[in-house]
Amino acid sequence: MRPAILILAPLIASLLTSGFAQTTSKAPEDEKAVWPISRSREPDTNLVVFPFGPRNIGRYDFHGGIDIYVKRGTPVGSILAGRVLYMNKSTVLVQHSDQRKTAYLHLDSVEVSKGDSVKAGDIIGTAGDINAKDVHLHLTYLVGPKRFIDEVESRNPLEILPHKTPPKPNVQFEGNSATVTLDPGLMTIRRITLACNDSTTLTLDYREIIKQGRKPRQNQNQSGIKIKASRPRRNEGNQRVFDLLLEPIDPEQNLRQVIIEDLNGVIISQTEK
Ligand SMILES: [Zn+2]
């Protein structure tokens, strides 16, 4: 038996590999992500306080994941099936297919080991505040070849997490700046373009900003635009929102129009001053 298994092993491995590649290209049911707290495929965005992209946590930064606020000890599930690539006492990195990975940070406890297979929704640990100021789950979605967590590979987790269609962002002009009001749980912006009177266009591309690496992405000046973000607040309808304030750095460039594209490159808002 033993020699036969040894001979068959590479064949089995290649069959498994090709089978795996095939299932990902077919995008079976298993490939749909579940939310990490509800472990449900229903849209579940109410607990997201800080989205992917510009945010304000008392100071500006460009956030490489989403922050989900829950009580300490709340079970956290893997959002897709995969294998645990790395873990330590507060972090789990799960490898999925096609160079996709998800990372779960600030965990209070970790309930998987390196090499473990998980299904979508399987518990990988519990929420905590290790290496964080308050208790929340930081979820990072990464696409790329790296075998560790490097947020240059980060993408907006809403690319794969089920969510509702966001409402059309409200854009207000004041002086030479524009304020875009957004729901952090439905923050699906990929690009924002400021069109100016002299026919120049300035474009923030969230994916390009993150690719610059940790330090350059924290710069509030990107692509000729000064970015500010407000702390999350409640609007008249008691929904959590935050404001993104955008302004051409060059005062000679008179802001005329704001064009917002979603994660699929679809224009979701085009507002004239
Ligand atoms: Zn975070």
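Because the structure is predicted, anything quoted here is derived from the model rather than measured. (Residues numbered from 1 in each chain as written. Predicted model: local features only at pLDDT ≥ 70, side-chain atom pairs only at ≥ 80, totals over all residues. Heavy atoms only, no water.)

1. Describing the confidence of the model for the protein chain
Heads up, the rule is: Per-residue confidence from the predictor is given as pLDDT, running between 0 and 100. Contacts: residue pairs with any heavy atoms within 4.5 Å of one another.
Model confidence for the protein chain is summarised by a mean pLDDT of 90, while 89% of its residues fall at 70 or above. Across residues 1–30 the pLDDT falls below 50, and counting only partners more than four positions away or on other chains, this stretch makes nine contacts in the model.

2. Points about the coordination of the zinc ion
Just so we agree on the cut-off: With water omitted from the atoms examined, metal sites may look incomplete; donors here are N, O and S atoms no farther than 2.8 Å from the metal, or 3.2 Å in the case of Na, K and Ca. Labels follow the DSSP assignment, with helices taken as runs of H or I lasting at least four residues and strands as runs of E lasting at least two, numbered in each case from the N terminus. For each residue, the accessible area found with a 1.4 Å probe, counting protein chains only, is set against the maximum for its type, and the residue is called buried under 20%, exposed over 50%, and partly exposed in between.
Protein-derived ligands of the zinc ion are His-63 (NE2), Asp-67 (OD) and His-138 (ND1), with the metal-ligand distances lying across 2.0 to 2.1 Å. Sequence spacing of the donor residues for the zinc ion, all on one chain, is H-x3-D-x70-H. Residue His-63 is found in strand S3 (residues 60–63), and its partner His-138 is found in strand S12 (residues 137–143); the two are separated by 75 residues along the sequence. Here His-63 and His-138 have matching classes, each one buried.

3. Observations concerning the sheet that holds strand S16 (residues 189–196)
Put simply, the test is: At least two bridges found by DSSP between two strands is the condition for calling them paired. Between the N-to-C directions of two axes lies an angle of 0 to 180 degrees, each axis being a line fitted to C-alpha atoms and, for a helix, fitted only over the stretch in contact.
Read from one edge of the open sheet, four strands run S17-S16-S22-S23, paired in antiparallel fashion. In this open sheet, the two edge strands, each paired with only one partner strand, are strand S17 (201–205) and strand S23 (267–272). Across the sheet, the mean angle separating the axes of adjacent strands is 15 degrees when strand polarity is ignored. Both S16 and strand S22 (residues 255–262) contribute to a ladder of seven bridges, which runs antiparallel. Directly across from Ile-192, in S22, lies its bridge partner Ile-260.

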